[in-house]
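Observations on the model geometry
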Amino acid sequence: MRKAFSLVLMAVMLIGMLAACGPKRDVEQSKQANQGTTENAQKPEKLVVWVNDDEKQKQALKDIFQKYTEKTGIKIEMVAVSMLDQTKKLALDGPAGKGPDVFYQPHDRIGDIVLQGLADPIDLGDAKGEYSPTAIEAVTYDGQTYGVPTVVETYGVFYNKNLVSEAPKTIDDLMKIAKEKTNAAKDQYGFLMEAENFYFVYPFFAGYGGYVFKNENGKYDTSDIGLANEGAVKGAELVQSWFQNGYIPKEVTNDVMNGLFTKGNVAVAITGPWNIASYKEALGDKLATAPLPVLENGEHPKSFVGVKTWMLSAYSQHKEWAVDFMKFVTNEENSLHYYEVAGEMPANEKALTNEKITNDPLIAGFAEQIQYGEPMPNVPEMSQVWDPMGNAVQFIAKGDDPKAVLNEAVKTIQDKIAASGAGK
C-alpha cells in the first residue's frame, strides 16, 4: 500500500468521465449499491471474474471458484487477463456490457482506477477485521475501501547458511558480512541487492524518517514529499557507501544477483519471496530468510508492501453477490489453499498467522517484515515518483552528492505532478 483529491472533486470528475464514456450513474447511489447483504439481492446465474494470467494462480482459483459454485449455485466464468492490462480492457468492455463483475489489481493502481470510474467502493462490514491492517490501509482511498485484499508481499533477506551461520540482525552485522565475504575479483559477495532500484532501497530512506508523501490518518498530502529530508539523505548516504566500499558493483541487475546467489557466491541477498523457488532449488536446506536488518537508530527498515486485491467493477449488475464472492475467495480456508498452490502470502490475517505459514522457515521472514513495512501509496501522483527517484538512485550510486540529487528529484516530482494536473 495518499491524497489531495477531496470527495467532492472526485465525485465531479467521476460523473464527468462516466457521462463521456459510459452509462450515467448517481455516484452516491453507486457507492451504496453494494452496502447490504445478498439477502434481498437477486441471485445471478453467473459472475464474470477476470484473473491474472498465471498458471499457478489460475489453478488455485479454479479450485476455490468451484467451491463457491457448490455453495451458492452461481457459476463463475473465469477469464485470464494480465492484471497490468485489465484496466485498459475494462475501460472499453465495461461500458459495452462485456466486462467482469470482479477484476484483480495491484493496490497502487487504485487511485487511477477510481478516478476513471472503473470501480465501486466496497462495504466489508465485520469482515474488514479479517484482513491485515496493512492490507486494508493499502486498499483504502479517500476513506473508502476499494478492494478485498488477497495477497501481501514485500522483500527481505535471503542468506546462504554455507557462508553465514545466521541472518544479519543489524545493519552493522550486514556491513561486517559485506566486508569479510566480498572478493569482487572472484565474483564473491557478502551482500547484494538491486541498490540502484528505488523500490528496493526505499526502506533505508524510510527507516531514518524519509517518506514519499506525508500520511495523516490514511490521507496522503501529495504536496508534502519527504524524499529529500534529513532521513532520506542519511539513507541515501548509507546506500552510496555500499558502492564506494566496493560491496555492491555498479549496475548490478536482478539476473546477475540471482545468478551469483544460486551459484553460492553471495552470502546475503535482499529481494522478494518470488525468488524462493529458484533459490531453494539451488541451495536446498542451506537457504534461509529473515526480515531486513535493524538500522543503528533501532528502527526497522520500512519496506514497500504490495497488495494484490479483488475489485468491484462499477459496471457490475450483481454487486452484492460480487462482494459475497470476494469475501469467500479470501476467507482463511481459501487463502491458505491459495498460498499452498500459488505460493503467495495471504492478506487474510488468520491465514497469514496460521502455523502453515509461520512454521514455513522460508516464508516466515517475509511475513515478519510485512509488519514493519508500509503500503506503496495508491494515489495517482505515485506514478510521477518512480522515474525521478530511479534516476536519483543511479546518480547516488555513481557518487553524486545525495542531498543535491534528492532535492533535484523532489523538484522534478513536484513539476511532473503539477504538469499532470494532479495534486490540485
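Please read all numbers here as calculations on a predicted model, not as lab measurements. (Residues numbered from 1 in each chain as written. Predicted model: local features only at pLDDT ≥ 70, side-chain atom pairs only at ≥ 80, totals over all residues. Heavy atoms only, no water.)

Here we come to helix α10 (residues 254-262). Within α10, the full set of buried residues consists of Met257, Asn258, Leu260 and Phe261. Mapping the buried residues of α10 onto a view down its axis gives an arc of 165°, with all of them on the same face. Looking at the buried residues of α10, the elements they touch are β8 (156-160), β9 (189-193), β12 (266-271), α11 (276-283) and β13 (287-290). Two residues or fewer past α10, glycine 264 is found with a positive phi of approximately 85°. (Buried < 20%, exposed > 50% of the residue type's maximum accessible area, 1.4 Å probe, protein only. Helix = DSSP H or I, 4+ residues; strand = E, 2+ residues; numbered from the N terminus. Arc of directions from axis to C-beta. Contact = heavy atoms within 4.5 Å.)

The interhelical angle for the contact between α10 and α11, taken along N-to-C directions, is 30°, at an axis separation of 9 Å. One way to sum up the angle between α10 and α11 is to call them roughly parallel. On α11, the residues that touch Met257, Asn258, Phe261 and Thr262 of α10 are Ser278, Tyr279, Ala282 and Leu283. (Axes fitted to C-alpha atoms, helices over the stretch in contact; angles between N-to-C directions. Parallel < 35°, antiparallel > 145°, perpendicular 65-115°, else oblique.)

Another aspect to go through is the pattern of salt bridges. Tallying each qualifying case throughout the model produces 12 salt bridges. Here lysine 319 and aspartate 120 are joined by a salt bridge, their closest N and O atoms 3.7 Å apart. Taken together, the residues span a long stretch of sequence, with lysine 319 in helix α12 (residues 319-329) and aspartate 120 in strand β4 (residues 119-120) at a distance of 199 residues. Each member of the pair, lysine 319 as well as aspartate 120, is classed as buried. Measuring nitrogen to oxygen at the nearest pair gives 3.6 Å for the salt bridge that ties glutamate 166 to lysine 169. Note on glutamate 166: relative accessible area 47%, which makes it partly exposed. On the basis of relative accessibility, which here comes to 53%, the residue lysine 169 falls in the exposed class. (Salt bridge = Lys/Arg side-chain N within 4 Å of Asp/Glu carboxyl O.)

Helix α9 (residues 230-244) packs onto helix α8 (residues 198-206) with a crossing angle of 125° between their chain directions and a minimal axis gap of 7 Å. By the criterion of interaxial angle, the relationship of α8 to α9 is oblique. Along this stretch, α8 crosses α9, giving a crossing that reads as right-handed. Touching Val201, Phe204 and Phe205 of α8 are Gly231, Ala232, Gly235, Ala236, Leu238, Val239 and Trp242, all from α9. Of the residues belonging to the contact of α8 with α9, the class tally is 8 nonpolar, 2 polar and no charged. (Left-handed = near helix turned anticlockwise from the far one by under 90°. Nonpolar A, V, L, I, M, F, W, Y, C, P; charged D, E, K, R; others polar.)

The next point concerns the domain arrangement of the protein. Domain boundaries assigned for the protein yield domain 1 (46-153 + 306-375) and domain 2 (154-305 + 377-420). The C-alpha-based centres of domain 1 and domain 2 are spaced at 28 Å. Each side of the interface is counted separately: domain 1 has 30 residues, and domain 2 has 30 residues. Summed over both sides, the interface of domain 1 with domain 2 buries roughly 2400 Å², with 58% coming from carbon and sulfur. (Domains from an automatic or database assignment. Buried area = accessible area lost by both parts, 1.4 Å probe.)

Turning our eyes to something else, we now look at unusual backbone geometry. Keep in mind that most residues, glycine aside, have a negative phi and that most peptide bonds are trans. Phi at aspartate 142 is positive, roughly 50°, even though this residue is not glycine. Structurally, aspartate 142 is set in the loop between β5 (140-141) and β6 (144-145). Using a relative accessible area of 4% as the deciding quantity, one classes aspartate 142 as buried. In this model, aspartate 187 sits at a positive phi of 55°, which is unusual for a non-glycine residue. Position of aspartate 187 among the secondary structure elements: in the loop between α7 (171-181) and β9.

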